[in-house]
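# Structural characterization, general
Read off the chains here:
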Amino acid sequence: MKRKIFLSFLLVFLISSLGAVFAYVSVRNTNATLSRLINLHQIETLRQQLLRSIQTVQSDLYTVNTELGNKLDYIIDNVENLQQAAKQCTSCHHTPEILEKINGIQTIIGDYQESLSFYITASANTEQINKNKLEAARIGNQLLIKTEEMSMMASVKLKAVTTDAMREVKRVLSILVATMLAALIIGIIVAIYLTRAITRPIDALLAATRMIAAGNLDTTVGYRDSTEFGELASHFNDMSSSLQTGYAKLETEIAERKKSEVALRESDERYAMAAQGSNDGLWDWDLRNSTIYFSPRWKSMLGYTNGEIGNKPEEWLSRVHPDDRPEIEARIAAHISGRNSHLENEFRMLHQDGTYHWMLTRGMAVRDDSGQAYRMAGSQTDIMERKVATEQLVYNAFHDALTDLPNRSLFMDRLQHVITTSARRSGQLYAVLFLDMDRFKVVNDSLGHLVGDKLLIEVGCKLAECIRPGDTVARLGGDEFSVLLESIKDVKDAVDVADRIHLTLSVPFIIEGHEVYAAVSIGIALGSELYERAEQVLRDADIAMYEAKKRGNASSEIFDTGMHASILDRIQLESDLHGALDHNQLTMVYQPIIDVKTHRLAGFEALVRWNHPTRGTVYPMEFITLAEETGLIVKIGEWILREACRELKVLQTRIPSVLPLKMSINISGKQFAHENLAEIVAGIIEETGIAPHTLAIEITESMLMENIDLAIATLNKLRAMGVHIHIDDFGTGYSSLSYLHSLPIDALKIDRSFVNKLTALGENQEIITSIISLAKSLNFDVIAEGVELDHQLDQIKGLDCQFGQGFLIARPMAPAAIDAWIEADVLKRKNT
């Protein structure tokens with residue numbers, strides 16, 4: 001803005017100065033003209049004087065020697081004046097033409113003066129005087145004419161010069177007026193510009209300040225330029241923003257302070273109400289005077305009224321349980337001394353009724369400038385219910401919710417403690433029994449989970465009755481239990497406990513009106529210095545339990561290192577089984593099934609073999625269970641189905657028969673429980689092109705009873721396709737005969753164990769006779785397995801059993817050997 005003002009005034013000054021300079025130059029030129037005009041006037045005066053002098057001389061010349069003539073001296077003076085005037089006229093500045101005329105006049109004046117001199121000096125000679133007089137008059141007339149002519153020319157010139165001078169004066173005057181008007185207009189423009197340039201931002205700033213004064217702190221100035229006013233407007237906007245921010249903060253602080261005041265007032269009110277109605281007891285300890293204020297609630301939670309407890313610290317500490325008092329006193333001292341930032345402790349306090357209640361106290365000391373505590377206040381909470389709940393949670397965390405027995409965590413903790421103790425005390429023997437209920441799943445699925453749970457509870461109670469008070473029985477989960485026997489003399493003590501358990505559980509349980517038997521398989525692991533962790537002992541007991549299960553239900557087995565090696569071998573076998581299909585190690589063999597009366601080939605039973613690269617031939621009983629446990633059975637079972645059906649199609653084409661050959665295929669429990677079994681079978685039948693009624697699926701009784709609803713649904717799907725259903729190993733499993741009439745079954749297979757008991761004398765036929773009779777009543781076919789002796793074949797034929805299979809008839813054989821067997825069998829029958 002300073003620059004604008006400076007430049008504006010400089011512009012006005014320059015314009016004014018320019019006009020002044022121009023006026024000065026014009027006036028200076030005008031002065032020269034006026035000076036010349038004055039000189040011209042003076043010359044004109046001289047000319048007039050010259051003219052008068054000539055006229056005077058001429059007049060005196062004509063009047064000389066007369067009465068009116070002047071004296072001769074006066075004439076001479078006039079002639080001298082005439083000559084002097086002529087000289088002054090020639091001294092002026094004229095053009096060459098005028099100067100030439102003036103010089104001519106001077107010459108005539110000289111001549112005129114000379115003639116007058118002759119005239120004057122010839123006064124004695126009258127003739128000469130007259131002659132000189134006439135000559136002088138002639139010259140004088142000539143001079144008068146020249147002078148008058150010059151005078152007239154000078155007058156014209158003077159008038160012209162005067163006119164030019166006046167015109168120049170008027171022009172100069174116009175220039176001065178124009179310059180003054182221009183300076184005035186520019187000055188007005190500059191004044192207006194400066195006024196707007198100054199007053200506009202000032203008005204904007206003034207309006208903004210008024211708005212801010214009115215409380216509109218968000219007001220800003222919209223003026224923008226590069227002058228001081230622009231900078232002032234920018235700073236003003238910054239100031240406005242700062243004011244607004246500061247005011248907002250101030251309002252926030254005021255609001256927060258008001259809230260704080262309200263909160264403080266409410267807090268005071270709440271504190272007063274809390275002190276009166278709080279569930280916590282409040283206390284305030286004056287450390288200087290050694291007095292304590294106890295709130296009414298503090299006293300009432302101990303069963304006392306307000307006036308029954310004093311205000312001394314001993315009123316508090318004397319009621320603390322003797323075992324807990326040293327700790328609370330130590331914590332109080334540590335907090336007062338500054339070693340702990342706050343006081344917090346749980347302890348028991350004596351109630352008025354004589355019982356101890358768990359209390360939680362919290363407190364904080366107030367200190368002076370030197371850090372010395374002079375006051376301490378806090379609260380006391382009755383945590384009896386929480387303690388009970390916590391103890392219950394801890395109990396629940398280490399006990400089984402169903403049987404209330406110790407769970408795996410508590411059992412493993414106690415077992416680890418026993419292992420550690422035994423390592424320090426040589427000669428202390430212990431044992432772990434791992435129990436698994438036999439066929440519990442059948443009970444659970446057939447009678448329901450409620451009955452199964454109640455059975456677990458009853459078994460847990462019976463197990464607890466079979467051990468000493470210092471021993472531990474625990475439920476590990478599901479139908480698994482474990483027993484920890486401490487400080488036993490030898491292995492016989494553990495075996496005796498196992499036998500006692502078997503004996504106790506041999507008595508049936510009556511649950512929900514059902515008579516239920518609960519047998520267990522028990523694995524026993526004796527303590528050893530080789531055990532360092534509880535998991536190791538339980539693992540070996542588990543291994544022994546599986547060995548016991550192999551021996552049959554309700555068996556016991558003591559662990560030895562050979563079992564561990566067997567488990568490792570089983571693990572290796574499992575690993576190898578994963579690659580058996582990928583490496584084409586599985587093969588199929590087929591055992592013929594014949595009509596025992598006609599000896600006609602009726603079909604085959606498909607059996608799988610595993611050609612292990614190092615173990616040789618591995619039979620199904622060695623790896624099918626393992627395949628079920630690992631989940632590989634679904635993949636392997638599908639492969640068996642496909643291979644058997646494909647081979648059946650080949651055999652039906654190669655071996656002509658009145659009735660088409662059939663193929664029986666065993667299905668494992670896991671495979672049968674697969675929800676897509678029927679769809680898989682249907683896909684394989686369509687893929688291989690066999691007739692569905694030539695395929696028989698063999699399942700066991702136990703598989704049926706594990707999930708009877710799913711079994712019925714699956715069997716109905718298979719029967720709807722035309723597939724036959726055979727019950728394998730009939731009579732050995734747990735089943736209910738009431739289901740047989742409702743199941744879509746085509747044949748019963750008599751287990752080899754019943755056939756093996758047949759003697760040459762015809763003994764032990766009762767079970768077989770019953771099975772055949774049952775099958776006929778239900779219109780089922782009967783197939784006898786394990787026919788290995790001639791009398792066995794003769795007897796089942798005599799009992800009206802229709803079909804048979806076994807080593808006597810033919811061993812399982814590869815597809816390539818079937819033709820040779822058929823030829824040999826035909827030849828054998830011809831010979832007989």
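Residues numbered from 1 in each chain as written. Predicted model: local features only at pLDDT ≥ 70, side-chain atom pairs only at ≥ 80, totals over all residues. Heavy atoms only, no water.

Looking only at helices and strands, one finds 25 helices and 21 strands in the protein chain. Classification of the 832 residues of the protein chain by burial places 40% in the buried group. Restricting to contacts in the protein chain with at least 6 residues of sequence separation, those with at least 24 account for 64%. (Helix = DSSP H or I, 4+ residues; strand = E, 2+ residues; numbered from the N terminus. Buried < 20%, exposed > 50% of the residue type's maximum accessible area, 1.4 Å probe, protein only. Contact = heavy atoms within 4.5 Å.)

Turning next to the pairing of strand β14 (residues 601-612). Taken across its twelve residues, β14 has eleven buried, putting it largely inside the fold. Taken together, the nine bridges between strand β13 (residues 586-595) and β14 define a ladder with antiparallel strand orientation. When the sheet's bridge partners are listed, Q591 is paired in β14 with E605. Between β13 and the antiparallel strand that follows it, β14, lie five residues; H599 among them carries a positive phi value of about 60°. Bridge count for β14 against strand β16 (residues 662-666) is four bridges, and the pairing is parallel. (Pairing = 2+ DSSP bridges.)

One pass over the full model with this rule turns up five aromatic pairs. Where W610 meets F623, the ring centres are 5.6 Å apart and the plane angle is 80°; that geometry is what we call edge-to-face. You can see W610 sitting in strand β14 and its partner F623 sitting in helix α16 (residues 620-630), a full 13 residues away along the chain. When its relative accessible area of 0% is taken as the criterion, W610 is described as buried. Sitting over the face of the ring of F807, R811 holds its NZ or CZ atom 4.0 Å from the ring centroid. (Phe/Tyr/Trp six-rings, centres within 6.5 Å; stacked < 30°, edge-to-face > 60°. Lys NZ or Arg CZ within 6 Å of the ring centre and 35° of its normal.)

Bringing the sheet that holds strand β5 (residues 373-382) into the picture now. The strand order across the open sheet formed by five strands is β2-β1-β5-β4-β3, and the pairing between neighbours is antiparallel. Single-partner strands in this sheet number two, and they are β2 (291-294) and β3 (343-350). When strand polarity is set aside, the average angle formed by the axes of neighbouring strands in this sheet is 25°. By the bridge criterion, six bridges tie strand β1 (residues 281-286) to β5 in an arrangement that is antiparallel. Within β5, the position partnered with G281 by the bridge is Q380. Lying over the sheet, helix α8 (residues 325-337) contacts β1, β3, β4 (356-367) and β5, oriented at roughly 150° with respect to β3. Its contacts with the sheet place helix α9 (residues 384-397) against β3, β4 and β5, and it is angled at close to 120° to β4. (Axes fitted to C-alpha atoms, helices over the stretch in contact; angles between N-to-C directions.)

Okay, a nonpolar patch on the surface next. Where nonpolar side chains cluster on the molecular surface, the patch consists of L173, V177, L181, L184, I185, I188, I189 and I192 and spans about 750 Å² of accessible area. Along the chain, V177 falls in helix α4 (residues 126-213). By relative accessible area, which is 41% here, V177 ends up partly exposed. (Patch = residues over 30% accessible without salt bridge, like charges linked within 9 Å, V, L, I, M, F, W, Y side chains within 5 Å. Areas by Shrake-Rupley, 256 points an atom, 1.4 Å probe, with all protein chains shown as cover. Salt bridge = Lys/Arg side-chain N within 4 Å of Asp/Glu carboxyl O.)

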